[in-house]
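# Descriptive analysis of the structure
In case you want the letters, here they are:
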Amino acid sequence: DGGITQSPKYLFRKEGQNVTLSCEQNLNHDAMYWYRQDPGQGLRLIYYSQIVNDFQKGDIAEGYSVSREKKESFPLTVTSAQKNPTAFYLCASSSREGGAYNEQFFGPGTRLTVL
Amino acid sequence: SQQGEEDPQALSIQEGENATMNCSYKTSINNLQWYRQNSGRGLVHLILIRSNEREKHSGRLRVTLDTSKKSSSLLITASRAADTASYFCATERTGGGNKLTFGTGTQLKVEL
């Protein structure tokens, strides 16, 4: 059963706490991505990784951190420095053919609420 | 800032009718992709059209791309209630690596 999984589905956190969102894929994809979606909005890129042990900031990286120690895993930490962390977080992955990347496959998302 | 802007923001049609959504963008692109999202779920890829392509079909979906006008359209023919969802266009900018920039989406409601 191939795909991309995220856990937990719902997460509640108190202000001032760091929290880590899990993202795992068994599609053997090189690239992985983290997006944030606010109500009624499109997706905004937080971080992405094209290869193990390497990652780059997206458009809204402040207050977030990631690691890519394994090809199949790309966890996202939402730190206390993120001013407005309540949102829906989506992880995605994609494969590469030659010099071009293919479509992105998305996980089911994690809804984070800061209390 | 959002690269893609979808139009309309919301669309309500009857089952069996066609639905057309438009997307405009600002910079040169490698490709443009359309995704679908059911409420509270992840996105599902529908179709990818490269900058050297003008039209692409997949089942009941037809996508066009006009790079001179920096615009794309998604046509869903013979719509069904199950097509009710939000639809997003996403662009991969030229020289932007594999990063996608998403628009704000069109909410489609197909009524019985």
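As shown above, the structure is provided for reference.
Residues numbered from 1 in each chain as written. Chains lettered and ligands numbered in written order. Predicted model: local features only at pLDDT ≥ 70, side-chain atom pairs only at ≥ 80, totals over all residues. Heavy atoms only, no water.

Right, let's get into the pattern of salt bridges. Two side chains of opposite charge can pair, provided their charged atoms sit close to one another. Residue and element names in this part refer to chain A. The final tally for this structure, using the stated rule, is 7 salt bridges over all chains. With a closest N to O distance of 3.4 Å, lysine 71 and aspartate 30 form a salt bridge. On the criterion of sequence distance, the pair formed by lysine 71 in the loop between strand E7 (64-66) and strand E8 (76-78) and aspartate 30 in the loop between strand E3 (19-25) and strand E4 (31-37) is long-range, its members being 41 residues apart. Judged by its relative accessible area of 26%, lysine 71 is partly exposed. Overall, the relative accessible area of 30% leaves aspartate 30 in the partly exposed class. Each of Arg36, Asp38 and Arg44 takes part in salt bridges that share partners, so that together they form one network. (Salt bridge = Lys/Arg side-chain N within 4 Å of Asp/Glu carboxyl O. Helix = DSSP H or I, 4+ residues; strand = E, 2+ residues; numbered from the N terminus. Buried < 20%, exposed > 50% of the residue type's maximum accessible area, 1.4 Å probe, protein only.)

Residues and elements named next belong to chain B. Taken together, 5 strands build an open sheet; the order of strands is E1-E3-E8-E7-E6 and the sheet is antiparallel. A single partner strand is all that each edge strand has here, and the edge strands are strand E1 (5-7) and strand E6 (55-58). For this sheet, the mean angle separating the axes of adjacent strands, direction not counted, is 15°. Across 3 bridges, the pairing between E1 and strand E3 (residues 19-24) is antiparallel. When the bridges of E3 are listed, glutamate 5 appears paired with serine 24. (Pairing = 2+ DSSP bridges. Axes fitted to C-alpha atoms, helices over the stretch in contact; angles between N-to-C directions.)

Moving on: the environment of glutamate 97 of chain A. Residues and elements named next belong to chain A. Tracing the sequence through the fold places glutamate 97 in strand E10 (residues 96-97). Residue classification places glutamate 97 among the exposed residues on the basis of a relative accessible area of 56%. Separated by 3.0 Å, the side chains of glutamate 97 and asparagine 102 make a polar contact. (Polar contact = N/O pair within 3.5 Å; in protein donor to acceptor, adjacent residues only side chain to side chain.)

Residues and elements named next belong to chain A. Here we have 4 strands laid out as an open sheet, ordered E1-E3-E8-E7, and antiparallel in their pairing. Taken across any chain shown, the strands that pair with only one partner, and hence form the sheet edges, are strand E1 (4-7) and E7. When the angles between neighbouring strand axes are averaged without regard to direction, this sheet yields 20°. By the bridge criterion, 4 bridges tie E1 to E3 in an arrangement that is antiparallel. Its bridge partner being in E3, threonine 5 is matched across the sheet by glutamate 24.

Quick look at the environment of leucine 27 of chain A now. Looking at the element boundaries, leucine 27 of chain A is found in the loop between E3 and E4. Measuring from C-alpha to C-alpha, the distance between leucine 27 of chain A and serine 80 of chain A comes to 32 Å, with 53 residues separating the pair along the chain.

Right, let's talk about the pairing of strand E8 (residues 71-76) of chain B for a bit. All names here are of chain B. Counting buried residues in E8 gives 5 out of 6 residues, a clear majority hidden from the surface. Of the strand pairs in this sheet, E3 and E8 are connected by 6 bridges, and their pairing is antiparallel. Bridge pairing in E8 places serine 24 opposite serine 71. Taken together, the 6 bridges between strand E7 (residues 61-66) and E8 define a ladder with antiparallel strand orientation. Bridge pairing links leucine 61 to isoleucine 76 in E8.

Between chain B and chain A, the contact holds 19 residues from the first and 24 residues from the second. Summed over both partners, the interface of chain B with chain A comes to about 1600 Å²; 51% of that surface belongs to carbon and sulfur atoms. Of all residues in chain B, Leu43, Asn98 and Lys99 of chain B give up the largest surface area on contact with chain A, accounting jointly for 33% of the area buried on that side. Run the count over chain B and chain A and you get 0 salt bridges. Joining chain B to chain A, the criterion identifies 2 residue pairs in polar contact (both at pLDDT 80 or more). Of all the elements in the fold, those that place two or more residues in the side of chain B that touches chain A are strand E4 (29-37), strand E5 (43-50), strand E9 (85-93) and strand E10 (100-102) of chain B. A total of 4 residues in the side of chain B that touches chain A trace back to one element, the largest contributor, which is E5 of chain B. By residue class, the composition of the side of chain B that touches chain A is 6 nonpolar, 9 polar and 4 charged. (Contact = heavy atoms within 4.5 Å. Buried area = accessible area lost by both parts, 1.4 Å probe. Nonpolar A, V, L, I, M, F, W, Y, C, P; charged D, E, K, R; others polar.)

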